[in-house]
Amino acid sequence: MGRYVIRRLLQMIPVFVGSTFLIFVMVYALGDPVAALFGDRAPDPATAAQIRRDLYLDHPLWQQYTHYMAQIFQGNFGTAFTGQPVLQLMGSAWPLTIRLTIVAVIVEGVIGIILGIISGMRRGRSVDTGVLVLTLIVVSIPTFVSGYVLQFLFGVKWGVVNPSVSAAAPFNELILPGVVLALVSLAYVTRLTRTSIAENTRADYVRTAVAKGLPRRRVILRHLLRNSLIPVVTFIGTDVGALMGGAIVTERIFNIHGVGYQLYQGILRQNSPTVVGFVTILVIVFLVANLLVDLLYAVLDPRIRYA
Amino acid sequence: MPEPLTPPNGRTASEAIGNAGAGGTMDFAASEAVSIGLATAPTARARSLWSDAWHDLRRNPVFIVSALLIVFLVVIAIWPQLIATGNPLACDINKSLLGPAPGHPFGFDTQGCDVYTRTVYGARASVTVGVCATAGAALLGGVLGGFAGFFGGWWDALLSRVSDIFFGIPIILGGLVFLSVVTNATVWPVVGFIVLLGWPQIARIARGAVITAKQNDYVQAARALGAGPIRMLLRHIAPNAVAPVIVVATIALGTYISLEATLSFLGVGLKPPTVSWGIDISSASTQIRNAPHMLLWPAAALSVTVLAFIMLGDAVRDALDPKLR
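About the criteria used
Residues numbered from 1 in each chain as written. Chains lettered and ligands numbered in written order. Predicted model: local features only at pLDDT ≥ 70, side-chain atom pairs only at ≥ 80, totals over all residues. Heavy atoms only, no water. UniProt positions renumbered as here; feature names shortened; annotations may be inferred. Helix = DSSP H or I, 4+ residues; strand = E, 2+ residues; numbered from the N terminus. Buried < 20%, exposed > 50% of the residue type's maximum accessible area, 1.4 Å probe, protein only. Contact = heavy atoms within 4.5 Å. Areas by Shrake-Rupley, 256 points an atom, 1.4 Å probe, with all protein chains shown as cover. Lys, Arg positive; Asp, Glu negative; His and termini not counted. Charge placed at Lys NZ, Arg CZ, Asp CG, Glu CD. Buried area = accessible area lost by both parts, 1.4 Å probe. Salt bridge = Lys/Arg side-chain N within 4 Å of Asp/Glu carboxyl O. Polar contact = N/O pair within 3.5 Å; in protein donor to acceptor, adjacent residues only side chain to side chain. Nonpolar A, V, L, I, M, F, W, Y, C, P; charged D, E, K, R; others polar. Core = buried A, V, L, I, M, F, W, Y, C linked by side-chain atoms within 4.5 Å. Patch = residues over 30% accessible without salt bridge, like charges linked within 9 Å, V, L, I, M, F, W, Y side chains within 5 Å. pLDDT = per-residue confidence, 0-100.

- The name given to chain B in an unreviewed UniProt entry is ABC transporter permease, with the source organism recorded as Streptantibioticus ferralitis.
- Taken directly from UniProt, the Sequence similarities (unreviewed entry) text for chain B runs: "Belongs to the binding-protein-dependent transport system permease family."
- In its Subcellular location (unreviewed entry) section, the UniProt entry covering chain B states "Cell membrane".

- As annotated in an unreviewed UniProt entry, chain A is ABC transporter permease from Streptantibioticus ferralitis.
- In its Sequence similarities (unreviewed entry) section, the UniProt record describing chain A reads: "Belongs to the binding-protein-dependent transport system permease family."
- Within the UniProt record for chain A, the comment given under Subcellular location (unreviewed entry) is "Cell membrane".

**Digging into the overall build of chain B**
Argument step 1. If you tally the helices and strands in chain B, you get twelve helices and zero strands.
Argument step 2. Sequence-ordered secondary structure for chain B, helices as α and strands as β, is α-α-α-α-α-α-α-α-α-α-α-α.
Argument step 3. For chain B, with 325 residues in total, the buried portion stands at 56%.
Argument step 4. Counting only contacts in chain B whose residues sit at least 6 apart along the sequence, the fraction spanning at least 24 positions is 73%.
Argument step 5. Total accessible area on chain B is roughly 13,200 Å²; 69% of this is exposed by carbon and sulfur atoms.

**As for the overall build of chain A**
Argument step 1. The number of helices and strands found in chain A is twelve helices and zero strands.
Argument step 2. Put simply, chain A runs from its N terminus to its C terminus through helices and strands in the order α-α-α-α-α-α-α-α-α-α-α-α.
Argument step 3. With the C-alpha coordinates of chain A rotated into their principal frame, the extents come out at 85 × 55 × 30 Å.
Argument step 4. Counting all 307 residues of chain A, 49% fall into the buried class.
Argument step 5. Pairs at least 24 apart in sequence give 78% of the contacts found in chain A among residues at least 6 apart.
Argument step 6. Only carbon and sulfur atoms are counted for the fraction: they give 64% of the accessible area of chain A, which is about 14,500 Å².
Argument step 7. The positive charge centre, built from 25 side chains, and the negative charge centre, built from 14, are 17 Å apart in chain A.

**Structural notes on the interface of chain A and chain B**
Argument step 1. Listed by partner, the interface residues are 55 residues for chain A and 51 residues for chain B.
Argument step 2. Interface area, chain A with chain B, both sides summed: about 4,700 Å², of which 77% is carbon and sulfur.
Argument step 3. In this structure, Arg 191 of chain A and Asp 314 of chain B form a salt bridge, with 3.1 Å as the shortest nitrogen-oxygen distance.
Argument step 4. Across the chain A-chain B interface, the total number found is three residue pairs in polar contact (both at pLDDT 80 or more).
Argument step 5. Those elements that place two or more of their residues in the side of chain A that touches chain B are helix H1 (2–29), helix H6 (126–140), helix H7 (143–157), helix H8 (175–200), helix H10 (216–253), helix H11 (259–268) and helix H12 (272–300) of chain A.
Argument step 6. In terms of residue count, H1 of chain A provides more of the side of chain A that touches chain B than any other element does, twelve residues in total.
Argument step 7. Tallied by class, residues from the side of chain A that touches chain B come to 41 nonpolar, nine polar and five charged.

**Thoughts on the nonpolar core**
Argument step 1. One finds Phe 144, Leu 263 and Phe 278 of chain A together with Ile 194 and Leu 302 of chain B to be the most contacted residues of the largest nonpolar core, which totals 138 residues.
Argument step 2. Not counting residues within four places of it along the chain, the set of residues in contact with Ile 194 of chain B comprises Val 129, Ala 133, Tyr 256 and Leu 259 of chain B.
Argument step 3. By size, the runner-up hydrophobic cluster in this structure holds 16 residues, among which are Ile 113, Val 219, Val 232 and Ile 236 of chain A.

**A look at a positive patch on the surface**
All names here are of chain A.
Argument step 1. On the surface, Lys 212, Arg 218, Arg 222 and Arg 226 cluster together to form a positively charged patch.
Argument step 2. Tracing the backbone shows Arg 226 in helix H10.
Argument step 3. Residue classification places Arg 226 among the exposed positions, given a relative accessible area of 56%.

**Remarks on the confidence of the model for chain B**
Argument step 1. Scored by pLDDT, chain B comes out at a mean of 77, with 82% of its residues at no less than 70.
Argument step 2. Every residue in residues 1–43 of chain B scores below 50 in pLDDT, and together they form 111 contacts with partners more than four places removed in sequence or on other chains.

**So, unusual backbone geometry**
Argument step 1. The phi dihedral of Asn 255 of chain A is positive, around 55 degrees, even though this residue is not glycine.
Argument step 2. Within the element layout of this structure, Asn 255 of chain A appears in the loop between H10 and H11.

**Points about the UniProt feature "transmembrane region" (unreviewed entry) in chain B**
Residues and elements named next belong to chain B.
Argument step 1. The UniProt feature table records "transmembrane region" (unreviewed entry) at residues 61–79, 127–155, 167–197, 241–259 and 295–316.
Argument step 2. Taken as a whole, residues 61–79 contains 95% helix and 0% strand, while its terminal C-alpha atoms sit 27 Å from one another.
Argument step 3. Structurally, residues 127–155 comprises 97% helix and 0% strand, and the distance from its first C-alpha atom to its last is 34 Å.

**What about the UniProt feature "transmembrane region" (unreviewed entry) in chain A?**
All names here are of chain A.
Argument step 1. Mapped onto this structure's residue numbering, the UniProt feature "transmembrane region" (unreviewed entry) falls at residues 12–31, 96–118, 130–154, 174–192, 224–249 and 275–300.
Argument step 2. The span residues 96–118 is 100% helix and 0% strand, and its two end C-alpha atoms sit 33 Å from each other.
Argument step 3. When the span residues 174–192 is considered, its composition is 95% helix and 0% strand, and the gap between its end C-alpha atoms is 26 Å.

**Some details on the UniProt feature "domain: ABC transmembrane type-1" (unreviewed entry) in chain B**
Argument step 1. Listed under "domain: ABC transmembrane type-1" (unreviewed entry) in the UniProt record, and renumbered for this structure, are residues 123–313 of chain B.
Argument step 2. Split by type, residues 123–313 of chain B is 82% helix and 0% strand. Its first and last C-alpha atoms lie 19 Å apart.

**Let's talk about the pattern of salt bridges**
Residue and element names in this part refer to chain B.
Argument step 1. If you walk through the whole model with that rule in mind, you get six salt bridges over all chains.
Argument step 2. Note that Asp 280 and Arg 118 form a salt bridge whose closest N and O atoms lie 3.0 Å from each other. In this pair, Asp 280 is assigned in helix H11 (residues 277–285) and Arg 118 in helix H5 (residues 115–151), connecting sequence segments 162 residues apart.
Argument step 3. By relative accessible area, Arg 118 is classed as buried at 11%.

**Some remarks on the side chain of Ser 66 of chain B**
Residue and element names in this part refer to chain B.
Argument step 1. Positionally, Ser 66 belongs in helix H4 (residues 61–78).
Argument step 2. What makes Ser 66 buried here is its relative accessible area of 0%.
Argument step 3. Ser 66 has contacts with Ala 308, Met 311 and Leu 312, leaving out every residue within four places of it along the chain.

**Things to note about the environment of Val 86 of chain A**
All names here are of chain A.
Argument step 1. Note on placement: Val 86 falls in helix H5 (residues 86–121).
Argument step 2. In this structure, the C-alpha to C-alpha distance between Val 86 and Asn 76, residues ten residues apart in sequence, is 8.6 Å.
Argument step 3. Those residues in contact with Val 86 that sit more than four places away from it in its chain are Phe 77, Gly 78, Thr 79, Ala 80, Pro 273 and Thr 274.

As structure tokens, then:
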């Protein structure tokens, strides 16, 4: 196990360098950040050169990248062009996005698994068909459509919730955005649970459990569900990173000033320190989540051994 | 030489299960579809996999409905004049935000353009992006993934690392950064971007399918008879590995259309004067309180289009995967 973890950590390095460098190049291609800083006016050449030197922009691209990464690993994420340290932006943005992700994970986990069990146990009946059709429809509606429609219905028409989230973003205001963010994954969890349950109902250990006279409830909860949830749990684990990265649209609709909002603003204003800093953290979260999921998989399913 | 005990459809558990990571919705069917490579086992009936699947599909109402919808969409994407006589760019500001009127069943948008005409014309951009991006990603991913699965070794390792890099970039974020550089107002930058981030998913499926097909006895027999690698790939492996790629590509087509609309909504995808559902929904979103009809129609058209392709992919998968019967 230890050697496996080390190998995986080593494998992460090229992926990390590759994806952050790719984003770095793309952000670099956005245009001259110093020109963006001055807006429509042409900067004084001496001032521009001074800023370039201060921001390490007078070096070749790969040197800028290595310099930047060296700074990041010393905990210095630089300063956004508004003068705010990027770390300070992160301190305000990450808690919001993490809270939103927690709500989304709970929604997709609880509702998805329950729906999946119901349809998996009644395979081929009308409930099953209904749930399958429902998941197809949910997957087909893009997040920005479902976001606006639900915001309009619940927030404006029926007035059940506040259409936009306040700055503090307490959990109760994040329920609707969390549902919107979770919808597509929710459909996926439902289908995965359904397939897994339907496959395992024919497994030998289920027949054994039934044959030895266990009550149906116990067979389902202790024997069937526990084994069927392994792929589902691992899916939800991998999904955490994707949810955080995919929150751009949801955060925009509900006016949540989280990671997605900061990234969107950063890109619009060509604010490279913000964009690269946030993306770097996102990539790390994604890679670590993937590793944890693989390890969790071995814990949950003893048939899998990592050497 | 039989392949050592590698799982056929991925290298690590999380990849085999979800690989939904950065791709988000794009990976909806990936893990369910990989098992189709196994579908070539001989059956008691003398029908081939394809005629068997076709036999099933013709009786599947989901397939019939989605196929008819797609034919309709393609027809109006090519000839929108068939059902919409107006011009999508001819607008009358005096009619701004008005509701349905005779001859204008869906009402008017902020600029006073006819929502019905714009909704009909919007099909062209979506279908073009979806079809071109899917063709590009399937071709690129299929070929690269197929070679990686067939030859293995360093080429496989390199491809896996490169696709890991692309999986590590959240897709909407990548689109925002990549496409905000582009000033070209045609559909091609969007198509190019989707191909760039979409191919690794298909490459992974193709790789797994080829590895599975490679272990079959008839491939070993062909090798023993002295067939070269090209002949083995084209004659024996490709026909048996293409089914999962087709399924994933069909479903991906739906999600690519949704992705294009999302990018257009964020202002980095297609740009006016191109008529696109994403752009129309974006401009409708600010008027949602006083003119919800503006949002409703393009949103419904977009969702139905995506649904049609996902349903088609689902039906094809059911037909090609004997495990689910």
